[in-house]
Amino acid sequence: MSNQKKAKSALISVFHKDGLAPIVQKFKELGIIIYSTGGTEKFIKELGIEVVPVEDLTSYPSILGGRVKTLHPKVFGGILSRRENAGDVSQLREFEIPEIDIVIVDLYPFEKTVASGASEQEIIEKIDIGGISLIRAAAKNFNDVLCVSSMEQYSEFLEIITEQNGETTLEQRKNFAAKTFNVSSHYDTSIFNYFNADHSIAALKISETNGKVLRYGENPHQKGFFFGDFDEVFTKLHGKELSYNNLLDVDAAVNLMNEFKNEDPTFAVLKHNNACGLAQRNTLLEAYNDALAGDPVSAFGGVLIANTAIDVDTAIEIHKLFCEVVIAPSFNEDALEILKGKKNRILLILKDIKLPETTTRTCLNGALVQFRDTKTDAKNDLVTKTTTSPSDNEIEDLIFASKICKHTKSNTIVLAKNKQLFASGTGQTSRVDALNQAITKANHFKFDLNNAVMASDAFFPFPDCVEIAKLAGVNAVIQPGGSIKDQLSIDYCNNNDMSMVFTGTRHFKH
């Protein structure tokens, strides 16, 4: 079997015509016979290039409004025939089927049609039948046929046939076959996920065609990859390539700051997926300074995020800190120039997009999938369980603390006052440990916990946490409730002039 194959014929049927003309012109130069149909046939004819209509090959017209055009033995026989197989060659001769050496097909834009908000009928009509069959057939027979399955492959293909005078190698054909099955499998995954939008079928189909090799994974000895369209979420303005750990922190930062979208200027500093500082103020500069005060030690090398444009005054202060990433909806032009002063500092504009409704993580030999925790505790969710009710300011602080708590590793306790994160206990095996960690940290950075509030991601099984909190100065508590011993904590609060509200919603984060 010869490794090199010189193309004599090609079938072209594409949705997108951009970039096709140079290929067709090259086919003419090389004397390659072109078969085509519909809009592609018309496009080629308008270029003044000879083309054989598929209908002339099959002696059968396009039917059902174009739904059936190329599904015919004279088309698929020419693609699937094994050139070195005497039986195949004999049958082609018997049924007058020409060999087809190149297949160029660009599938109907199913995903784009769904994203556009089109009607169900419009979406269904964008499920490609003939095209997907053609590219699968051509890819299967890569020993003899080269398949171009996307307009993104046009330039590479044109370069090959130009440099090699219409010839292709087995390695090239197999490489294009792999690309084809990447296209076809992604296409089918998109269709399935559209039909299974309600998740009634317990099957997991994930397909990401945008992949990036990272410098390494969580640690230098681990390989790492990111699969997804990063540019759909961010515009990167400056800095080095994002690492695996950068991406995890950026994800945590975006999810956290979504809780404060369209609110007063809010700034957060994150480290290892948890907020080590967060504040909401009248100006972004004040918010930044008070967020940094939450833990200026942990802020070193952290990820910073704001819910509003970063101005010059704030940029001047940020520039004094070594930080890995700065994220904002926009940057003032002068602020951007200041922050670009560190060549490796990553600057990202966060676009206004909706994150996926489900989250996925590996587990054992499979995966765990759940719907994203989109519940944000609000004032109307709060049920006062104590004789003392929280003041209006305390209610605002309780909700503020609850938002942070939701995005902090469990078990967690968050202490806050005047819309400033004082400290949090993160990822502890007991809630008491989390509280003690938070109190120790708040005291270390000289915060006055008198009249502070406490948020917990889950219920208190015993009254020990409210006892410890009261001794530290906390006066108001927010928690989900739900323990069979809730009354013990309620009784302690009532006996010590503390207010406590239940939300009814747990926010574990593991």
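These numbers come from a predicted model, not from an experiment.

**Thoughts on the overall build of the chain**
Piece 1. Looking only at helices and strands, the chain features 19 helices and 23 strands.
Piece 2. Relative to a compact globule of 510 residues, whose C-alpha radius of gyration would be 24 Å, the chain shows 31 Å and is clearly more extended.
Piece 3. Along the first, second and third principal axes, the C-alpha atoms of the chain reach 95 × 50 × 40 Å.
Piece 4. Split into buried and exposed, the 510 residues of the chain put 46% on the buried side.
Piece 5. Relative to all contacts within the chain whose residues are 6 or more apart in sequence, the contacts with residues 24 or more apart total 56%.
Piece 6. For the chain, the exposed surface amounts to about 25,200 Å²; the carbon and sulfur share of it is 51%.
Piece 7. Each charge class in the chain was averaged separately, 54 positive and 66 negative side chains, and the resulting centres sit 4 Å apart.

**Here we look at the pattern of salt bridges**
Piece 1. For the structure on display, the rule yields 20 salt bridges.
Piece 2. For K5, the salt bridge goes to E84, with nearest N and O atoms at 3.5 Å. Here the residue K5 occupies a position in strand β1 (residues 5–6), and E84 occupies one in the loop between α4 (73–80) and α5 (86–94), the gap between them amounting to 79 residues.
Piece 3. Its relative accessible area of 53% is what places E84 among the exposed residues.
Piece 4. Across the pair K179 and E156 runs a salt bridge, and its minimum N-O distance is 2.4 Å. Note that K179 is positioned in helix α10 (residues 170–195) and E156 in helix α9 (residues 154–163), a separation of 23 residues in sequence.

**Thoughts on α5**
Piece 1. By the N-cap criterion, in which a side-chain oxygen at the helix start approaches the backbone nitrogen of a residue two or three places on, α5 is capped by N85, the distance to G87 being 2.9 Å.
Piece 2. A positive backbone phi angle near 55 degrees is found at E96, which sits one or two residues after α5.

**With respect to the packing of α4 against helix α8 (residues 130–140)**
Piece 1. Two numbers describe how α4 lies on α8: the axes approach to 8 Å, and their chain directions differ by 25 degrees. By the angle between their directions, the pair α4 and α8 is classed as roughly parallel. Residues V75, F76, I79 and L80 of α4 lie in contact with α8, whose contacting residues are S133, L134, A137, A138 and K140.
Piece 2. Residues that form the contact of α4 with α8 fall into these classes: 7 nonpolar, 1 polar and 1 charged.

**Quick notes on the packing of helix α17 (residues 431–444) against helix α18 (residues 464–472)**
Piece 1. α18 packs onto α17 with a crossing angle of 10 degrees between their chain directions and a minimal axis gap of 9 Å. On the basis of the axis angle, α17 is roughly parallel to α18. Contacts from R431, V432, L435, N436 and I439 in α17 reach D464, C465, I468, A469 and A472 in α18.
Piece 2. Here the contact of α17 with α18 is built from residues that sort into 7 nonpolar, 1 polar and 2 charged.

**Section: unusual backbone geometry**
Piece 1. A cis geometry characterises the amide bond from S410 onward to N411, with omega recorded as -10 degrees.
Piece 2. With respect to the helices and strands, the residue N411 is situated in the loop between α16 (392–406) and β19 (413–417).
Piece 3. For N418, which is not glycine, the phi dihedral falls at a positive 50 degrees.
Piece 4. As for its position among the elements, N418 is in the loop between β19 and β20 (420–425).
Piece 5. Its relative accessible area of 53% is what places N418 among the exposed residues.

**Observations regarding a nonpolar patch on the surface**
Piece 1. A surface patch of nonpolar side chains, amounting to about 280 Å² of accessible area, comprises L204, I206 and V369.
Piece 2. Its location among the elements puts I206 in the loop between α10 and β8 (211–213).
Piece 3. When its relative accessible area of 57% is taken as the criterion, I206 is described as exposed.

**Re the side chain of S424**
Piece 1. Topologically, S424 is positioned in strand β20.
Piece 2. Classification of S424 by relative accessible area gives buried; the value is 6%.
Piece 3. What S424 contacts, discounting residues up to four positions off in sequence, is A275, T408, T412, I413, V414, Q437 and A438.

**Quick word on the environment of K340**
Piece 1. The topology assignment puts K340 in the loop between α15 (333–339) and β15 (346–350).
Piece 2. Taking the C-alpha atoms as reference points, K340 and E99, 241 residues apart in sequence, are found 58 Å from one another.

**Notes on a negative patch on the surface**
Piece 1. Together, E111, E208, D229, D231 and E232 make up a negatively charged patch on the protein surface.
Piece 2. One can find D229 in the loop between β9 (225–227) and α11 (230–233).
Piece 3. D229 gets classed as partly exposed once you look at its relative accessible area, which sits at 36%.

Cut-offs used in this document
- Residues numbered from 1 in each chain as written.
- Predicted model: local features only at pLDDT ≥ 70, side-chain atom pairs only at ≥ 80, totals over all residues.
- Heavy atoms only, no water.
- Helix = DSSP H or I, 4+ residues; strand = E, 2+ residues; numbered from the N terminus.
- Rg over C-alpha atoms; globule rule 2.2 N^0.38 Å.
- Buried < 20%, exposed > 50% of the residue type's maximum accessible area, 1.4 Å probe, protein only.
- Contact = heavy atoms within 4.5 Å.
- Areas by Shrake-Rupley, 256 points an atom, 1.4 Å probe, with all protein chains shown as cover.
- Lys, Arg positive; Asp, Glu negative; His and termini not counted.
- Charge placed at Lys NZ, Arg CZ, Asp CG, Glu CD.
- Salt bridge = Lys/Arg side-chain N within 4 Å of Asp/Glu carboxyl O.
- Polar contact = N/O pair within 3.5 Å; in protein donor to acceptor, adjacent residues only side chain to side chain.
- Axes fitted to C-alpha atoms, helices over the stretch in contact; angles between N-to-C directions.
- Parallel < 35°, antiparallel > 145°, perpendicular 65-115°, else oblique.
- Nonpolar A, V, L, I, M, F, W, Y, C, P; charged D, E, K, R; others polar.
- Patch = residues over 30% accessible without salt bridge, like charges linked within 9 Å, V, L, I, M, F, W, Y side chains within 5 Å.

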